[in-house]
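Structure assessment
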Amino acid sequence: MRIIQTKTVLETRRLRLRTMNELDAPFLHKIFQDQEVMKYYPSLKDEKQTIEWIAWNKKNERMYHTSMWIIENLETKEPLGQSGIVLQNIEGQTELEIGYMLKRAAWGHGYATEAAKGCLTYGFDEMKVRRMVSLIRPENEASVKVALKMGMKKEKTISKWDQTIDVYSVTRERENGSLEH
């Protein structure tokens, strides 16, 4: 019998973000089949694509020590969604993107903002990066609000995944730890 382990990456006041594994497939597939949750993504994901998503994240975790992570309620251990830091190619430049996606039942409780801010702190303090971005469709007002609450500002609009995408960014100055935009 193979034991599947997960690693806690970070904790916030209410949330635990941990690495993904194959046992997360049914939970993620349910999210990926929810048309309202996936409204701003190119398409829904089937079971095979969900397994591939988990494998891609596990590979990113091994290679880059960062990926999308499962968000769990710290108290109940209930899975709420996913959030994390992934590498993105933006106009030929590699950037670190903070992403977040919650099941619909978890919307409206501040979990996306809390998880995203945890990822921002992790990126700045643990990974020692200076700049982070979020890629958001302009009409996705809820995600824009999360980016703004992280201190991000809209930088530019690009074309990616055959869609119009706004790039939000935040940069930390190394000297005093303050953020610049």
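What counts as what
- Residues numbered from 1 in each chain as written.
- Predicted model: local features only at pLDDT ≥ 70, side-chain atom pairs only at ≥ 80, totals over all residues.
- Heavy atoms only, no water.
- Phe/Tyr/Trp six-rings, centres within 6.5 Å; stacked < 30°, edge-to-face > 60°.
- Helix = DSSP H or I, 4+ residues; strand = E, 2+ residues; numbered from the N terminus.
- Buried < 20%, exposed > 50% of the residue type's maximum accessible area, 1.4 Å probe, protein only.
- 1 Å grid on protein atoms, 1.4 Å probe; cavity = no way out; pocket = protein on both sides within 12 Å on 5 of 7 lines; lining within 4 Å.
- Points joined across faces, edges and corners; volume = space filled by probe spheres on them.
- Nonpolar A, V, L, I, M, F, W, Y, C, P; charged D, E, K, R; others polar.

**Concerning the packing of aromatic side chains**
Under the definition given, this model contains 3 aromatic pairs. Each ring, one from Trp69 and one from Tyr122, has its centre 5.5 Å from the other, and the planes form 80 degrees; the classification is edge-to-face. Linking Trp69 in strand S3 (residues 68-73) with Tyr122 in helix H3 (residues 111-126), this pair joins segments that are 53 residues apart in sequence. Residue Trp69 shares its accessibility class with Tyr122, and that shared class is buried.

**Description of the layout of surface pockets**
Roughly 1,200 Å³ of internal volume is contained in the largest pocket. As for the largest pocket, its lining consists of 45 residues, of which Tyr41, Tyr100, Met101, Asn140 and Ser143 are closest to the centre. For the lining of the largest pocket, the element with the highest residue contribution is strand S5 (residues 93-102), accounting for 6 residues. For the lining of the largest pocket, the per-class residue count stands at 25 nonpolar, 13 polar and 7 charged.

That is the geometry; function is a separate question.
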